[in-house]
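These are the residues of each chain, in order.
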Amino acid sequence: LAHRVEQLQSSVSAGRFAQVHQECKSLMTEADKLVAAVEEAQRRKDQRDYVAKSIVESLAEVGFWVQQFPAEQASADATIRATRSDGRAINVSVPLEGSLRWTMEGFPMEVFTGSDGQPARACDEPARQIEVVKTYLEKRGVETGELLWKGKDPNRPGTTAKRLPRSTTHSAQRTRTASTS
């Protein structure tokens, strides 16, 4: 940018005003695009951080001890690890865009025959824990979608995807779908 400004100053000194005018218009267009990209990146980061903070607070309210808080890296997923006194843990990855990713440690997983006759998996206890957390999240204005996991019976009832609320600092309307692996 400094080099381009020097070139423009030389062009002004040489009397090439039309060229300078055109180049300045081009620079302003590029600057506007850059500002828009920065604002969008900041909006996504702010939204991710808001969702992560709400998850941390919600997990604490239902008896989990939060061991890690999301890093402040602008482009990375926020990662949260929460444990209970019995050693069971919930890990949550909050990306800038896309689905929340929940993983459980120490919770039982049942395998049964699904409605389609294929083996299916049920994780009722962790699903109940996450549903309670989701209720607390809704109180903070964060709504998540259906809880999914590998091997879940597709005919098993779930919730529907919802959008984040509008507010002055978090005006984005993105759907977040919670899923487990």
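Predicted model, so just to flag it, every value in this text is computed and none were measured. For every chain, the first residue of the written sequence is number 1, and numbering continues from 1 along that sequence. With the structure being a predicted model, the display of local features is reserved for residues of pLDDT at least 70 and the display and counting of side-chain atom pairs for 80 or more, all residues being used for whole-chain, interface and lining totals. Calculation of side-chain values draws on the structure's entire complement of heavy atoms; hydrogens and water are dropped beforehand.

Chemist: Just checking my understanding: could you explain the overall build of the protein for this structure?
Modeler: We count a stretch as a helix when DSSP gives it H or I for four or more residues in a row; a strand needs E for two or more, and each element gets its number in order from the N terminus. Scanning the protein for helices and strands turns up 3 helices and 7 strands. In the protein, which comprises 181 residues, the share counted as buried stands at 34%. Considering only residue pairs separated by 6 or more positions, the protein has 48% of its internal contacts joining residues 24 or more positions apart. To be clear on the numbers: accessible area is Shrake-Rupley with a 1.4 Å probe, and residue cover counts the displayed protein chains and nothing else. Looking at the protein as shown, the accessible area adds up to about 10,700 Å², and 52% of this sits on carbon and sulfur atoms. Classification of residues uses two cut-offs on accessible area relative to the type maximum, computed with a 1.4 Å probe and protein chains only: under 20% is buried, over 50% is exposed, and between them is partly exposed. Any two residues whose heavy atoms approach within 4.5 Å are treated as being in contact.

Chemist: Honestly, helix α3 (residues 124-139) in this entry has me stumped. Any pointers?
Modeler: Helical periodicity: at 3.6 residues per turn, an α-helix aligns residues three or four positions apart in one direction. Helix span is expected to be 1.5 Å times the residue number reduced by one. With 16 residues, α3 should reach 22 Å at 1.5 Å per residue; the first-to-last C-alpha distance of 23 Å fits that figure. Every buried residue belonging to α3 is among Pro-126, Ala-127, Gln-129, Ile-130, Val-133, Lys-134 and Leu-137, and all of these are buried. Viewed end-on, α3 has its buried residues packed into an arc of 155°, placing them on one side of the element. Seen from the open side of α3, the exposed residues pointing more than 90 degrees away from its buried face are Arg-128 and Lys-139. Summarising the geometry, the arc corresponds to the directions from the helix axis toward the C-beta atoms.

Chemist: Looking at this structure, I do not really get the pairing of strand β2 (residues 78-83). What am I missing?
Modeler: When a strand is regular, its side chains alternate between the sheet's two faces. Here 3 bridges tie strand β1 (residues 65-68) to β2, and the two strands are oriented antiparallel to one another. Bridged to Val-66 within β2 is Ala-82. By this definition, two strands are paired if DSSP reports at least two bridges between them. For β2 and strand β3 (residues 89-94), the ladder comprises 6 bridges, and the chain directions are antiparallel. What sits directly across from Ile-80, in β3, is Val-92. Hairpin connection, β2 to β3: the antiparallel pair is bridged by 5 residues, and Gly-87 has positive phi, about 90°.

Chemist: Before we go on, may I ask you to explain the packing of aromatic side chains in this structure?
Modeler: Each aromatic ring pair is described using two quantities: the centre-to-centre distance and the angle formed by the ring planes. Two aromatic rings from Phe, Tyr or Trp, using only the six-membered ring of Trp, form a pair when their centres are within 6.5 Å; if the ring planes differ by under 30 degrees the pair is stacked, by over 60 it is edge-to-face, and anything between is tilted. Counting across every chain of the model gives 0 aromatic pairs. Charges are assigned to positions over rings by a cutoff of 6 Å between ring centre and Lys NZ or Arg CZ, combined with an angular limit of 35 degrees from the ring normal. Lys-139 extends its terminal NZ or CZ atom over the ring of Tyr-136, reaching a point 4.7 Å from the ring centre.

Chemist: Hey, could you run me through helix α2 (residues 17-61) in this one?
Modeler: An ideal rise of 1.5 Å per residue puts 66 Å on 45 residues; α2 measures up with 65 Å between its terminal C-alpha atoms. Two residues or fewer after α2 comes Gly-63, characterised by a positive phi angle close to 95°.

Chemist: Mind showing me how you'd approach the packing of α2 against α3 here?
Modeler: A pair of packed helices is captured by two measures, namely the crossing angle of their axes and the spacing between those axes. Every angle, taken between N-to-C directions, lies between 0 and 180 degrees, and every axis is a line fitted to C-alpha atoms, over only the stretch in contact when it is a helix. Taken N-terminus to C-terminus, the directions of α2 and α3 make an angle of 125°; their axes are 9 Å apart at the nearest point. One finds that α2 runs oblique with respect to α3. Where α2 crosses over α3, the two elements pack in a sense that is right-handed. Residues Ser-54, Ile-55, Ser-58, Leu-59 and Glu-61 of α2 touch α3, and the partners they reach there are Val-133, Tyr-136 and Leu-137. When describing relative orientation, an angle under 35 degrees is termed roughly parallel and one over 145 degrees roughly antiparallel, while 65 to 115 degrees is termed roughly perpendicular and anything else oblique. Handedness of a crossing is defined here by the sense of rotation of the near helix relative to the far one, left-handed for an anticlockwise turn of less than a right angle and right-handed for a clockwise turn.

Chemist: Help me understand the nonpolar core, please; the structure alone is not making it clear to me.
Modeler: A general tendency of soluble globular proteins is for nonpolar side chains to be buried together. What we call a nonpolar core is a set of buried Ala, Val, Leu, Ile, Met, Phe, Trp, Tyr and Cys residues that are connected through their side-chain atoms within 4.5 Å. Counting 23 residues, the largest nonpolar core has Ile-55, Leu-59, Ile-80, Ile-90, Val-92, Val-94 and Trp-102 as the members making the most contacts within it. In terms of residue count, α2 provides more of this core than any other element does, 5 residues in total. If sequence neighbours within four positions are ignored, Ile-90 has contacts with Leu-59, Phe-64, Ile-80, Arg-81, Ala-82, Trp-102, Thr-103, Met-104, Phe-107, Gln-129 and Ile-130.

Chemist: Is there a simple way to think about the confidence of the model for the protein in this case?
Modeler: Regions with low pLDDT should not have their predicted coordinates read in detail. Looking at the protein as a whole, the pLDDT averages 81, with 83% of positions reaching at least 70. pLDDT gives the predictor's per-residue confidence on a scale running from 0 to 100. Segment residues 158-181 is flagged for pLDDT under 50; beyond a separation of four residues in sequence, or across chains, it makes 86 contacts in the model.

Chemist: I would appreciate a short explanation of the side chain of Asn-91 in the present structure.
Modeler: On the secondary structure map, Asn-91 appears in strand β3. Under the relative-accessibility criterion, Asn-91 is labelled buried at 14%. Setting aside residues no more than four positions away along its own chain, Asn-91 makes contact with Ile-80, Arg-81, Arg-101, Trp-102, Thr-103 and Glu-105.

Chemist: Would you mind going over the environment of Trp-149 with me for this structure?
Modeler: Secondary-structure assignment places Trp-149 in the loop between α3 and β7 (178-180). A relative accessible area of 9% means that Trp-149 is categorised as buried. In sequence terms Trp-149 and Arg-121 are 28 residues apart; their C-alpha atoms lie 8.2 Å from each other.

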